[in-house]
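Next come the chains, spelled out residue by residue.
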Amino acid sequence: MKFRDSVAEFERLEGQIKARKFAPIYLLMGDESYFIDRLQELLGDTILNEAERSFNQLTVYGKDSEVGQVINLCRQMPMMGAYQVVILKEAQQLRQIEKLSLYSQQPSPTTILVVCHKEKNVDKRSSFYKGCVANGVVFESVMPRDYEIKEWLGRFIAARGFQIDHKALEMLTDHLGTSISKIALELEKLAVSMPVGATRITDADIETNIGISKDFNNFELCKAVLDRNMGRALMIADHFARNPKDNPLLLTIMALFGQFRDLFTLNYLAWLTRYKGQPMPSDQELMRTLRKPAVFIVQELRRQAALWPNQKVFQILGLLREYDAKSKGLNAGGASDGELLRELLMKIFLL
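What you see is a predicted model, and the numbers here were worked out from it, not measured in a lab.

Participant: Help me understand the overall build of the protein chain in this model?
Facilitator: Broken down by element type, the protein chain carries 17 helices and 7 strands. For the protein chain, the residues scored as buried account for 48% of the 351 residues in total. Counted over contacts in the protein chain with a minimum sequence separation of 6, partners at least 24 positions apart contribute 76%. Carbon and sulfur atoms make up 51% of the accessible area of the protein chain, which amounts to about 17800 Å² in all. In the protein chain, 46 side chains carry a positive charge and 43 a negative one; their mean positions are 4 Å apart.

Participant: Mind showing me how you'd approach the packing of helix α11 (residues 218–226) against helix α13 (residues 249–276) here?
Facilitator: For any two helices packed against each other, one specifies the crossing angle of their axes together with the interaxial distance. Running from N to C, α11 and α13 point in directions that differ by 45 degrees, and their axes come no closer than 10 Å. If you check the angle between α11 and α13, you find them oblique. In the crossing of α11 with α13, the sense of the turn from one axis to the other is right-handed. Listed contacts from α13 to Asn218, Leu221, Cys222, Val225 and Leu226 of α11 are Leu251, Thr252, Ala255, Leu256, Gln259, Phe260 and Leu263. Across the contact of α11 with α13, the residue classes tally to 9 nonpolar, 3 polar and no charged.

Participant: Would you mind going over the pattern of salt bridges with me for this structure?
Facilitator: Note that side chains of opposite charge can pair when their charged atoms are close. Applying the stated criterion across every chain, the model contains 24 salt bridges. Linking arginine 200 and aspartate 165 is a salt bridge whose minimum nitrogen-to-oxygen distance equals 2.6 Å. Here the residue arginine 200 occupies a position in strand β7 (residues 200–201), and aspartate 165 occupies one in the loop between β6 (163–164) and α8 (166–176), the gap between them amounting to 35 residues. When its relative accessible area of 40% is taken as the criterion, arginine 200 is described as partly exposed. When its relative accessible area of 23% is taken as the criterion, aspartate 165 is described as partly exposed.

Reading the values: rules and limits
Residues numbered from 1 in each chain as written. Predicted model: local features only at pLDDT ≥ 70, side-chain atom pairs only at ≥ 80, totals over all residues. Heavy atoms only, no water. Helix = DSSP H or I, 4+ residues; strand = E, 2+ residues; numbered from the N terminus. Buried < 20%, exposed > 50% of the residue type's maximum accessible area, 1.4 Å probe, protein only. Contact = heavy atoms within 4.5 Å. Areas by Shrake-Rupley, 256 points an atom, 1.4 Å probe, with all protein chains shown as cover. Lys, Arg positive; Asp, Glu negative; His and termini not counted. Charge placed at Lys NZ, Arg CZ, Asp CG, Glu CD. Axes fitted to C-alpha atoms, helices over the stretch in contact; angles between N-to-C directions. Parallel < 35°, antiparallel > 145°, perpendicular 65-115°, else oblique. Left-handed = near helix turned anticlockwise from the far one by under 90°. Nonpolar A, V, L, I, M, F, W, Y, C, P; charged D, E, K, R; others polar. Salt bridge = Lys/Arg side-chain N within 4 Å of Asp/Glu carboxyl O.

This is the structure we're talking about:
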């Protein structure tokens, strides 16, 4: 399953729950906790009204529970109303969770069991999993890749009545990585902090409310490198070296890799045009190919691609893989992240 499949399934389930179409069992599992938490909260707030929740909604934790206890809770009759709800949080810590198959294969019609299994999936070969598939709903929450996060984030922001500038979006994703839970939390805080009536999020808003410098960040570093502005790039690298916790080397390398990967694609398409007679894709087609949200970004990349022939780009991609390993402690020779970044940039500019 891919991230976009998780998003589509989340939206489908969200609609069903709001329409009060419930399943006897919800197995919410995967390495991205955001969707699991949102569905669990929605189920907890929707199935029962406030008065019913006092009697018929129980929350237990995997670490503090046993399978037999969970099954016994699920077999109880509701004290009033049509349902009781049992929410099992941190289910990945429940010992012998596969024995819940005794319940998943024959769930109670008056109980809705919500199993929140984070960090990894339940064994799909187990009888418990197969029982959930047959008699309930299984939702798999997949962590996005770096190139998938921006599209989702744009939609997430738009759903809250805001628009976000391209640079501000790049600053967010470069700094916060691909953890949707972390990004969503920061954006909820940002939305509360925005002036009344404001609808556009700028780089200044990100700097003021989230603490990411609008002048010294991965977006500005990538721009300086692709523009062959060595002085500016090294100045930003020095800032990163003084603030290593706010500027992890691994995220910087990922950002640079994505930019040079785009240049490689553009140069290859240009080569096909010159030597194979294939037409160069339009800017709109390149937007889709490169997964960019606007034409001006593609036009800027095309300008920068002319400064970096693919022979050099190929070497740079190799360097970035090498320094990716060094950022993880392999053959780094004891160098700090700041020293490694400066060394990497010098090698790129001297190619």
